[in-house]
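Descriptive analysis of the structure
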Amino acid sequence: MAMGHASEADLRLLRSAQRSQLLLTLRALLDQVDAAARRTRHPGGVPSGQMAWRLLCETEARTPVAVEAVLADPTVMAWALRLIRRLNGSAIDPPSTAPLWADLGQFHALAVAAAVRARIPCVLWVPAHYGLVWLPGTGMAGPVARRRWSEAEVHVDGEGAVIHGEAGQVLLNFPLTAPVPGWRPLRHLRGPALVEAEGAGPGPWLDTVSPYRDFTRYPKSPDRSGAGRSQVWEARLADAYALLDRESPADAVALGELVRAFVPRSFRRTSGALVASASSLDAFGAVTMSLPRDVTQAAATLVHETRHQQLNALLNLVHLVLPPGDEHEGGELQERRLYYAPWRSDPRPVRGLLHGVFAFAGVGRFWRRHRGYVTGTQAQHADFEFAVLREQLREAVAALLTDDDLTEAGRLFVEEIADVVATWQDDEIATGPAELARYYCALRRAVWRVRHLEIPTSAAERFAKAWAAGATAPALPSPTMRPRLDLIRPDTFGPLARNRLSAPGAFARRRLRADKSGTPLLRAEYAAVAGDAEQAALGYAEWTAQNPRDPEAWIGAALALPEPTRGTGAALVLDRPEVVASVHRAVTTAGGGFPAPADLAEWLGGGDT
């Protein structure tokens, strides 16, 4: 798996393990739901979970595929895990807005959904949220009531189901895949490459209705977007599946085996032409994402999230990282280290860095292969993406291998990824994308350091005194981590670089507008992306003059210098910007004015390092 060679049998083992976890969770819930129901105040009480369980067992005995279709819905796992944590008093999740009786009552929704699919006659009461009734793995019915929370009675027979509420009813007839008044089914994706994985259940589908589809907030009402937007999603995802099937069959197989549901995010959540996407430990098989701008970006995002799904499932079987609370050698607990994850703006713990390394190793492999299928601007863009990830992964795996919290299996896993990444380092990349990638990686690294690292205040004050006295700079101290999430700003350089490579005409027009805007930062960044070192230097100098306390302007100015002309000071600004920033603050605090960052860095670079 670390090398990216997981077979279909390997992937099915992961899927099977996740199914086992779900069954164990449901069984654990069964031991608690009735006791919890007796403690819950609700007129008429809460129906017994044992009744729902017996119906599920009967349905499985008669029509097992009906139960499998329900259990294959990733939001069932999300509901079950959140409920069991709620019953056990865990504070991991944000508080549910659902009353406890309604969360408990979803056990009956599982049984009803399976019975409807199997056409087994039954009558059950289920929760209704604003009159909407959830049938897991199937869809959403209603509204049959107006209150925020109420109950609905479901009658199932061989022809379909009738859902009765206090304000109306909905009649469901077979098949249940077509939308009709009062019924919003899960929307199955269609296309030649969208073949259902063997034993994986129905899918994949777009989920805009399930109340537990959101990874952070639940229950959630159905999305109100129309059929037109869903059709755009269907086409984009079907094309991405087809692209992976042609260019990266191993990724296509993993996607088909592991991902069942896509939860569209709002268009408003897409920033800088990037895709906002996520997977969750609670919802194996579900991916939430904003709409990718094109099929290639969609394919890369699917690879990324499929790798997260794969690692989440693997971590449930094998400890790659020591669990929280495990003791190190000597019996002492040590604080977990935080790391620079080159694709993130915030410091990451070892498990988060491991996830990023594994996911982006898959994405890097995708771009490496994709370069052989495209030409022109598309090839330039693919070269850039591969060059960036090749450099970022090389740095990240090296850091990861220094962590003592990796288990023996975890170290083996990371070493295998490192070996794969090492084979990429000699690949030839076009000069333009390669230079832009080096610039971008250096920029992200330096900006991250100046935001989240610092030297001790006492050390900075010693430097300030030496500066004021005209003495030689002392030896540079090691930095300490001080995460400053408030300093994080959206990445603008990366989207500009991608725009220049994939749409040079549009980039040129936007640069003209930026030059007229009067904003030094915009002019400097556009010039840097365009490779115009002279204009970039002028823009960064103006930015520094306007805000001499902003070290990100100093970093830009240092990067704008051609590499052969960078002296000791510029090198220090890029390699140890946290030292320059810390000493600059100490000098100004001590009344030393605002020393030129380049002069201060040159002085600091003259000390012993």
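Here, every reference points to the structure presented above.
These lines cover the structure that appears in this document, whether it is placed above or below. (Residues numbered from 1 in each chain as written. Predicted model: local features only at pLDDT ≥ 70, side-chain atom pairs only at ≥ 80, totals over all residues. Heavy atoms only, no water.)

**Some words on the pairing of strand S5 (residues 160-165)**
Spelled out, the test is: We treat two strands as partners when DSSP finds at least two bridges between them. Numbered from the N terminus, helices here are DSSP runs of H or I no shorter than four residues, and strands are runs of E no shorter than two.
Bridge count for strand S4 (residues 149-157) against S5 is five bridges, and the pairing is antiparallel. The residue of S5 that forms the bridge with His-155 is Val-162. Where S4 folds back on S5, the antiparallel hairpin that results is connected by two residues. Examined bridge by bridge, S5 and strand S6 (residues 168-173) share six bridges and lie antiparallel to one another. The residue of S6 that forms the bridge with Gly-160 is Asn-173. Where S5 folds back on S6, the antiparallel hairpin that results is connected by two residues.

**As for a nonpolar patch on the surface**
Operational definition: Patch construction takes residues with relative accessible area above 30% that form no salt bridge. Like charges are linked within 9 Å, and nonpolar side chains (Val, Leu, Ile, Met, Phe, Trp, Tyr) are linked within 5 Å. Here the open area of atoms and residues is found with the Shrake-Rupley method and a 1.4 Å probe, where only the protein chains shown may cover a residue. Here, a salt bridge means any Lys or Arg side-chain nitrogen found within 4 Å of an Asp or Glu carboxyl oxygen.
Nonpolar side chains collect at one region of the surface, where Leu-13, Leu-317 and Val-318 lie side by side and expose about 250 Å² of accessible area between them. Within the secondary structure layout, Leu-317 lies in the loop between helix H8 (295-315) and strand S13 (338-339).

**Details of unusual backbone geometry**
Rule in force here: Note on classification: 1.4 Å probe, protein chains only; a residue is buried when its accessible area is under 20% of the maximum for its type, exposed when over 50%, partly exposed between these limits.
Omega for the peptide link from Gly-142 to Pro-143 comes to 10°, which places this bond in the cis form. On the secondary structure map, Pro-143 appears in the loop between strand S3 (139-141) and S4. A cis geometry characterises the amide bond from Tyr-218 onward to Pro-219, with omega recorded as -10°. Here Pro-219 is to be found in the loop between strand S9 (205-206) and helix H6 (227-247). In this structure, Arg-119 takes a positive phi of about 60° despite not being glycine. When you line up the elements, Arg-119 lands in the loop between helix H5 (100-118) and strand S1 (122-129). Residue Arg-119 is classed as partly exposed on the basis of its relative accessible area, which comes to 43%. Backbone geometry places Tyr-130, a non-glycine residue, at a positive phi of 50°.

**Focus: the environment of Cys-122**
Cut-off, in case you're wondering: Working rule for contacts: check all heavy atoms of both residues, and any pair within 4.5 Å makes them a contact.
Its place among the elements puts Cys-122 in strand S1. Judged by its relative accessible area of 14%, Cys-122 is buried. Residues Cys-122 and Gln-380 lie 258 residues apart in sequence; the distance between their C-alpha atoms is 60 Å. Not counting residues up to four positions away in its chain, the partners in contact with Cys-122 are Leu-55, Ala-115, Val-154, His-155 and Val-156.

**Considering the pattern of salt bridges**
When charged atoms on two side chains of opposite charge get close, those side chains can pair. Enumeration according to the criterion identifies 35 salt bridges in this entry. For Asp-223, the salt bridge identified is with Arg-229, shortest N-O distance 3.4 Å. A salt bridge links Glu-552 to Arg-489; the nearest nitrogen and oxygen atoms lie 2.7 Å apart. Of this pair, Glu-552 sits in helix H18 (residues 551-560) while Arg-489 sits in the loop between strand S16 (480-481) and helix H14 (493-502), placing them 63 residues apart in sequence.

**Things to note about H18**
As a reminder of what qualifies: Side-chain atoms alone can form a polar contact between residues adjacent in sequence; in general such a contact is a pair of N or O atoms within 3.5 Å, and within protein one must be able to donate a hydrogen while the other accepts it.
The element H18 is largely enclosed, with a buried count of nine among its 10 residues. Inspection of H18 places Pro-551, Glu-552, Ala-553, Trp-554, Ile-555, Gly-556, Ala-558, Leu-559 and Ala-560 among the buried residues, and these make up the whole buried set. On its buried side, H18 packs onto helix H12 (431-452), helix H17 (533-546), helix H19 (568-575), helix H20 (577-589) and helix H21 (597-605). The residue sitting at the N-terminus of H18 and contributing the capping side-chain oxygen is Asp-550; that oxygen lies 3.0 Å from the backbone nitrogen of Glu-552.

Bear in mind that shape data such as this cannot, by itself, settle questions of function.
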